[in-house]
Amino acid sequence: MFFSLIAIAAVIALFVIISRQQTRIGLIERELGALRSLVLSGVPQPAPKAGTATEGAPSEAPAATTARPASEAAPQAAAATPDEPKAEAPTQAGEGASAEPTGPAEAAQPAAPAQAAAPVAARQTDVETALGTRWAVWVGGIALALGGLFLIRYTIEAGIFGPGVRLTMAGILGLVLIAGAEFVRRTGFRVPVQGAAGAYIPSILTAAGAFILFGTVYAAHGIYGFISPAPAFTLLGAIGIAAIAASLIHGLALAGIGLLGAMVTPALVASQAPNPWALFVYLAIVLAATAAIARIRDWKALVAAAFAGTGIWTILYLVDAPDVNLAAVLFISLATLAVLAFVWLALFLIAGRDEAEPGFDWPSIVPGLFVALTALELSVDPVFAKAGYALHGAVLLAALVAVALYRPRALPLLFAAGLATVLIYLGIIPPATIGADALDVGLGAEPLAASDAMTFRVGIALALVFVGAGFWDARRFAASAPVRSASWAAWAVIAPLLVLTALWLTFGDIDRDLGYALPGLLLVLVFAGGGEWIARSEEPPLAGGPAVSFALGGAGVAGLLMLHMAFSSGWTTVLLGAAAIVPALATRWRSYPVLGWIAVGAAVAVLGRVAFDPTIVGAAALSRTPVFNWLLLGYGVPAFAFGFAAWQLARTTNGRPRLAMEAASALFALLTIAMLVRHSMHGGVIDTGPVTLGEQAIYTLIALGAGAILVAIDMRSPSSVLRYGSMAAGVVSAGLIVIQHFMVLNPLVTDESTGTIPFFNLLFLAYLLPAIAAGALALYVRDKRPRWYAAMLALVASLLAFAYATLSVRRLFKGEFIGLWSGLGQLETYTYSALWLVIGVALLTAGVWLRSQVLRIASAVLIAVAVLKVFLFDMSELEGVLRALSFIGLGAVLIGIGLFYQRLLTRAARER
């Protein structure tokens, strides 16, 4: 039914088009007769007025009335290829066009109205052109192809002819269509209409004929069994390759049809004993032919589709075949790479074009992907791994690197090989879930830890391949193609590092293994030497570009691994911090930007280690000796090393790495003090239990310190991120103080032990130190941040100082535990009143001296609280001399404050 509707629509469309074309042909004939009479009479005609269209001229062909003799106005024929047909509109002259110009002005005038009318005419004929030139041809081609199949179907249903006759008739029809297409092409066929290049009739006829021949051969084999699988396979493949070859004449569409037919041929031809060699040799031939033709016409999509089809057949064979023929798999994979290198990319070597052109060849992504998947399947599938096929997978990965090295535009092959290597060696790392997740690529992969000797040797071989090829090509393109050079340098570093790490975690001793530390040290030297070797080939030399950065960065990571492999936990942390000095000192001889960032990387690594284990050596191994223990080394040595690195960078390369090292130095100095204090307060034990007030105090100090560090960095190197980040750190600190210090973890509420040491106790750590830090930060940011931010910090500092003084008084009376439920004594109550008045006076003095309105307001609030306490609480709770002293002290303080303000205002008035 559907095809009947298509046929009816096509007939109606053709009828309408033919009717309109007959009318137009009649008009053109009359116009040509009139024009011929004018030319023969020799009578000059006046030029048409500007803005008037030539009467009677066809709308789709604008009048090009440039005055010239009729003998010179004849259209010139030009050959048109299927892909680039020359759409030429024959020159037409309307009535009134002069045959011979009488002057230059008259010759130039007729061109204006013709050019103005051209866009209008083009718009008017868009739909008609599409119907008459493109849709009609396409529908006709489809109708011919389907007609051949319907003819076979009709003869079957009617029983007119036998199967052999029907198939012979269909084959003859396909051959006739192909022969007719060639006849039309050889007789000088042109596409004379603009926009009709896609409706090249010889191409449509050839495609229809190929389609019918495909159907005929398949029916002869699959339906009637007239021919065996081998001849059917050969005939179908030959038709597909012939169609691809004919596309050189008939265009890309025919090539696509031929490639599709060639690729589905193995699926159409069934066999009781499939031969993988026949399949893959056939695919190699189809691939080579397609790549050669695509190379001639530069059809990138076609060659990518050919590579994809070959790769899909290879993966399907690996997954579904009961007994895999490894030699056949290696053959088709290597043949794919050979076609890429020696057919598709061969022309790029002419006159050094490959090295000179930037970028990469995107169709190379497809063979790289499928060959890498093949290598991955051979390496991770349990069946193939036990059979020792991992070695053959490594051969394919090395072949990918070799082709990328030989053909620089095939750069995607390097990434494919690198990613496959990474996935393979991630899969051997225990626990098994890591490998299973990393290798879940739909191939039924499982973690591979089989044959440690084979895995080790293959890993070393692949690492050497990546290092050698990577640094060679990185140096080769360091000056001409920095991105390509950086890509090679990156994989020369990434693959060996990951292979070494995977082998160490799988087969080595994680705590300490000198057998793996030695290769790590060797990688450090190789990467550092490779970076220097590449830098000498840069333009200008020793610029320290991306490739050099990758090489030296890899040396830094290799050094980090080497320290983890060679030393225990404590010494690893200490030496990692000290290692930041090495790249900083190297800036004395080389001004590579990456050196400073390597030092920053060391700081980040140390920060990660202390976050993972704040005790440096583990809680069980940490000494209880105050100060002189692993905490002093683990935090103090990195703080000193980072400070020295920042000092050195400030005198050489400078920049943001120096600022980051300054921040790291300050942070670790603060952590050193905080951790030593906590260690001392907790009897030498740093547990991992619930958060205590002491631990929270450390976090608060760190947040305040981070805010100060960010402000300092921002003042030297302004950044909106640093500006808002510093304020965010201050706001977070204030929130932690209000919620944790004053409410949740307050010793008055929790009755937590404040420590046995009189001064250096929990109150010192949780209230006095944060008060000093917040106050210092408020002073530091007064002119550097918004007023509300400095005022908030000053207020928080005042509250912390008030809390410290008040809680210290209670500790003086109650001892180590100061919970509220222990009650209040009269002397303690009086002491609070006196203390608050003293603090209020101190705040007032500080506010006047620092010209801080916030402190003066805080003083007024505190004194008001003291007044209320005296009148509302002390009057009822205190007795005898304490009650009298409370009121006497309050009165004296208030009178003193009044006298102070009077003198202050009098002095201010005199200064005015």
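The residue numbering used here restarts from 1 in each chain and proceeds along that chain's sequence as written. Local features in this predicted model are restricted to residues whose pLDDT is 70 or higher, and side-chain atom pairs enter the listing and the counts only when it is 80 or higher, whereas totals over whole chains, interfaces and linings include all residues. Hydrogens and waters are ignored; side-chain quantities use all the structure's heavy atoms.

Draft legend 1. Layout of the overall build of the chain. Looking only at helices and strands, the chain features 34 helices and 0 strands. We call two residues in contact whenever any of their non-hydrogen atoms come within 4.5 Å of each other. Restricting to contacts in the chain with at least 6 residues of sequence separation, those with at least 24 account for 73%. Only the protein chains shown count as cover for residues, with accessible areas throughout obtained via the Shrake-Rupley method and a probe of 1.4 Å. Surface accessibility of the chain: about 43900 Å² in total, with carbon and sulfur atoms responsible for 70%. Put simply, DSSP marks the helices as runs of H or I at least four residues long and the strands as runs of E at least two long, and each gets a number from the N terminus on.

Draft legend 2. The environment of A288, seen in detail. Looking at the secondary structure, you find A288 in helix α9 (residues 276-297). Accessibility expressed as a relative area gives 27% for A288, which makes it partly exposed. Aside from chain neighbours lying at most four places away, what touches A288 is V339 and V343. With a 1.4 Å probe rolled over the protein chains alone, any residue whose accessible area is under 20% of its type maximum counts as buried; one over 50% counts as exposed, and the rest are partly exposed.

Draft legend 3. Layout of the packing of helix α22 (residues 569-579) against helix α25 (residues 630-650). Axis lines are fitted through C-alpha atoms, for helices just across the contact stretch, and the angle between N-to-C directions can take any value from 0 to 180 degrees. Closest axis-to-axis distance for the α22/α25 pair is 7 Å, and the angle between their directions is 15°. As judged from the angle between their axes, α22 and α25 are roughly parallel. Here α22 and α25 pass one another in a crossing that is left-handed. Note on element contacts: α25 touches α22 through W630, L633, G634, V637, P638, A641 and F642, opposite G570, W571, T573, V574, G577 and A578. Of the residues in the contact of α22 with α25, the class split is 9 nonpolar, 4 polar and no charged. In these notes the angle categories are as follows: under 35 degrees is roughly parallel, over 145 is roughly antiparallel, 65 to 115 is roughly perpendicular, and the rest is oblique. Two helices that cross are described as forming a left-handed crossing if the nearer one is turned anticlockwise from the farther one by less than a right angle, and a right-handed crossing if clockwise. Each residue receives one of three labels: charged for Asp, Glu, Lys and Arg, nonpolar for Ala, Val, Leu, Ile, Met, Phe, Trp, Tyr, Cys and Pro, and polar for the others, Gly being one of them.

Draft legend 4. Representation of the packing of aromatic side chains within the structure. Think of it this way: a Phe, Tyr or Trp ring, Trp meaning its six-membered ring, pairs with another when their centres are within 6.5 Å, and the plane angle makes it stacked under 30 degrees, edge-to-face over 60, tilted otherwise. Within this structure, the stated rule accounts for 12 aromatic pairs. Centre to centre, the rings of F415 and W491 are 6.0 Å apart; their planes meet at 90°, and the pair counts as edge-to-face. Separated by 76 residues along the polypeptide, F415 in helix α16 (residues 411-426) and W491 in helix α19 (residues 482-507) bring together distant segments of the chain. Here F415 falls in the partly exposed class, since its relative accessible area comes to 34%. Centre to centre, the rings of F644 and W647 are 5.5 Å apart; their planes meet at 35°, and the pair counts as tilted. With a gap of 3 residues between them, F644 and W647 both fall in helix α25, about one helical turn apart. Of the residues examined, F644 reaches a relative accessible area of 26% and is grouped as partly exposed. Of the aromatic side chains, those joined through ring pairs into one cluster are Y635, F642 and F668. The cationic tip of R295 hangs over the ring face of W344; the distance from NZ or CZ to the ring centre is 4.2 Å. Our definition puts a charge over a ring when NZ of Lys or CZ of Arg is within 6 Å of the ring centre and also within 35 degrees of the ring normal.

Draft legend 5. Geometry of the packing of α19 against helix α20 (residues 514-535). One can describe the packing of α19 onto α20 by two numbers: an axis separation of 11 Å at closest approach and a directional angle of 170°. When the axis of α19 is compared with that of α20, the two are roughly antiparallel. Facing α19, whose interface residues are A492, V493, P496, L497, L500, L503, W504 and F507, α20 presents Y516, P519, G520, L523 and F527.

Draft legend 6. Geometry of empty space enclosed by the protein. Grid points spaced at 1 Å and placed over the protein atoms alone form the basis of the search, with a cavity being a set where a 1.4 Å probe fits but cannot get out and a pocket an open set showing protein on both sides within 12 Å along at least five of seven lines. Lining residues have an atom within 4 Å of a point. Grid points are joined across faces, edges and corners, and a volume is the space filled by probe spheres set on the points. Following the criterion strictly, the structure yields 2 cavities of 30 Å³ or more and no others. Considering only enclosed or pocket space, the second largest cavity measures out at about 60 Å³ in volume. Every residue lining the second largest cavity is listed: F307, T310, G311, T314, I332, S333, T336, P367, F370, V371 and T374. Of all the secondary structure elements, the ones that give two or more residues to the lining of the second largest cavity are α10 (300-320), α11 (326-344) and α13 (365-380). Of the residues assigned to the lining of the second largest cavity, the class counts are 5 nonpolar, 6 polar and no charged.

Draft legend 7. Expanded view of α9. Here, expected helix span is obtained from the residue count minus one, scaled by 1.5 Å. The first and last C-alpha atoms of α9 sit 31 Å apart over 22 residues, in line with the 32 Å expected at 1.5 Å per residue. Following α9 by one or two positions, D298 adopts a phi angle in the positive range, close to 60°.

Draft legend 8. Representation of the pattern of salt bridges within the structure. Definition used for salt bridges: Asp or Glu carboxyl oxygen within 4 Å of a side-chain nitrogen of Lys or Arg. Following the criterion strictly, the structure yields 7 salt bridges and no others. Where D298 meets K300, a salt bridge forms, and the shortest distance between an N and an O atom there is 3.2 Å. Among the salt bridges present, the one from D473 reaches R476, with a minimum N-O distance of 3.1 Å. Separated by 3 residues within a single helix, D473 and R476 lie in helix α18 (residues 452-476), roughly one turn from each other. A relative accessible area of 0% means that D473 is categorised as buried. Overall, the relative accessible area of 33% leaves R476 in the partly exposed class.

Draft legend 9. Structural context of the nonpolar core. Nine residue types can take part in a nonpolar core, namely buried Ala, Val, Leu, Ile, Met, Phe, Trp, Tyr and Cys, and a core is a set of them joined through side-chain atoms within 4.5 Å. By size, the foremost hydrophobic cluster in this structure holds 141 residues, and its most contacted members are Y425, F527 and M661. Sorting elements by how many residues they give to this core places α19 first, with 12 residues. Not counting residues up to four positions away in its chain, the partners in contact with Y425 are T455, V458, G459, L462, L498, V499, A502 and L503. Counting 34 residues, the second-largest nonpolar core is a separate cluster that includes V711, M727, A766 and L800.

Draft legend 10. Here's a closer look at the side chain of R785. Looking at where R785 falls in the secondary structure, it is placed in the loop between α30 (762-780) and α31 (787-814). The exposure class of R785 is buried, given its relative accessible area of 6%. Here a polar contact means two N or O atoms within 3.5 Å. Within protein one must be a hydrogen donor candidate and the other an acceptor candidate, and residues neighboring in sequence count only if both atoms are side-chain atoms. At 3.1 Å, the side chain of R785 forms a polar contact with the side chain of D714. Excluding residues within four positions of it along the chain, R785 makes contact with V711, D714, L722, R723, S726 and M727.

Draft legend 11. Spatial organisation of the environment of V732. By the secondary structure assignment, V732 is in helix α28 (residues 720-744). The exposure class of V732 is partly exposed, given its relative accessible area of 47%. Taking the C-alpha atoms as reference points, V732 and G707, separated by 25 residues in sequence, lie 9.6 Å from one another.

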